[in-house]
Amino acid sequence: MSETLFEYRGKRYPWHSGGDDYLRLQTDRPPTAEDFPDATEMNADPHDPWVKLPRRAVTARFSQEVSGTWHGVPVHVGSRVKRGLERGMVMVWYAGKEPDAAVSAGLSGNQNDGWSALVSPDEIEDVHVETTRLPMVSA
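As the structure is a prediction and not an experimental result, all values here were calculated from the model.

Colleague: Is there a simple way to explain the layout of surface pockets in this structure?
Modeller: Taking a probe equal in size to a water molecule and rolling it over the atoms shows the remaining empty space. Here the largest pocket is characterised by a volume of approximately 430 Å³. Every residue lining the largest pocket is counted, 17 residues in all, and those nearest its centre are Gln26, Thr27, Asp28, Arg80 and Lys82.

Colleague: Mind showing me how you'd approach the packing of aromatic side chains here?
Modeller: For any two aromatic rings, the description comes down to two numbers: the centre-to-centre distance and the angle of the planes. For the structure on display, the rule yields three aromatic pairs. Ring geometry for tyrosine 94 against tryptophan 115: centres 5.9 Å apart, planes inclined by 85°, an arrangement best described as edge-to-face. Residue tyrosine 94 is found in strand 8 (residues 90-94), and its partner tryptophan 115 is found in strand 10 (residues 114-119); the two are separated by 21 residues along the sequence. In terms of burial, tyrosine 94 and tryptophan 115 fall into one category: buried. Here the aromatic cluster, defined as three or more aromatic residues joined through ring pairs, consists of Tyr8, Tyr13 and Phe36. The side chain of arginine 12 reaches across the aromatic face of phenylalanine 62, ending 3.6 Å from its centre. For arginine 24, the ring lying beneath its charged end belongs to tryptophan 50, and the centroid distance is 4.8 Å.

Colleague: Sorry, what's going on with the nonpolar core here?
Modeller: In a soluble, globular protein the nonpolar side chains are often hidden away together inside. Among the nonpolar cores identified, the biggest contains 15 residues, and Val92, Leu107 and Val119 are the most heavily contacted of them. Listing elements by their share of this core, those giving two or more residues are strand 6 (60-70), strand 7 (73-80), strand 8, helix 1 (99-105) and strand 10. Leave out the neighbours within four places in its chain, and valine 119 touches Trp70, Met89, Val90, Val92 and Ile124.

Colleague: Please explain the pattern of salt bridges as it appears in this structure.
Modeller: Per the stated rule, a full pass over the model turns up four salt bridges. For the salt bridge of lysine 11 with aspartate 28, the shortest nitrogen-to-oxygen distance reads 3.8 Å. With lysine 11 in strand 2 (residues 11-18) and aspartate 28 in the loop between strand 3 (22-26) and strand 4 (41-43), this pair connects stretches of sequence that are 17 residues apart. For lysine 11, a relative accessible area of 35% puts it in the partly exposed group. Across the pair aspartate 28 and arginine 29 runs a salt bridge, and its minimum N-O distance is 3.9 Å. When salt bridges that share partners are traced, they join Lys11, Asp28, Arg29 and Asp35 into one network.

Cut-off values and rules
Residues numbered from 1 in each chain as written. Predicted model: local features only at pLDDT ≥ 70, side-chain atom pairs only at ≥ 80, totals over all residues. Heavy atoms only, no water. 1 Å grid on protein atoms, 1.4 Å probe; cavity = no way out; pocket = protein on both sides within 12 Å on 5 of 7 lines; lining within 4 Å. Points joined across faces, edges and corners; volume = space filled by probe spheres on them. Phe/Tyr/Trp six-rings, centres within 6.5 Å; stacked < 30°, edge-to-face > 60°. Helix = DSSP H or I, 4+ residues; strand = E, 2+ residues; numbered from the N terminus. Buried < 20%, exposed > 50% of the residue type's maximum accessible area, 1.4 Å probe, protein only. Lys NZ or Arg CZ within 6 Å of the ring centre and 35° of its normal. Core = buried A, V, L, I, M, F, W, Y, C linked by side-chain atoms within 4.5 Å. Contact = heavy atoms within 4.5 Å. Salt bridge = Lys/Arg side-chain N within 4 Å of Asp/Glu carboxyl O.

Next up, the structure:
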């Protein structure tokens with residue numbers, strides 16, 4: 001999915017939230033003091049694990065943009081649903097220029113706000129991931 005990633009100790013983690021001098025990063029499992037010795041706070045909730053780190057402990061910032069096709073039309077892949085019945089689904093946004101194609105593919109929306117759908121990641125084809133290193137500034 002498209003997101004901002006931060007590097008800590010050689011591994012990249014998605015941005016959760018943050019402030020001027022700290023970042024909360026999402027982890028794929030409950031964080032431990034062994035994996036995050038610089039942590040000032042940890043959330044071990046298996047549905048929303050994260051770690052709070054001083055900004056100075058993070059070494060790099062990246063932008064990850066994901067695109068692909070869904071029902072034959074180009075889409076940008078947005079955020080993943082983390083809770084509830086739709087957990088694991090992703091939001092896709094139409095990346096083409098023909099309104100009729102968006103509607104025919106099953107996307108909802110309009111020409112002013114764009115077209116989108118909540119879909120299973122398995123339904124997205126021709127996935128392309130582009131990662132760009134960014135300067136270390138506020139998220």
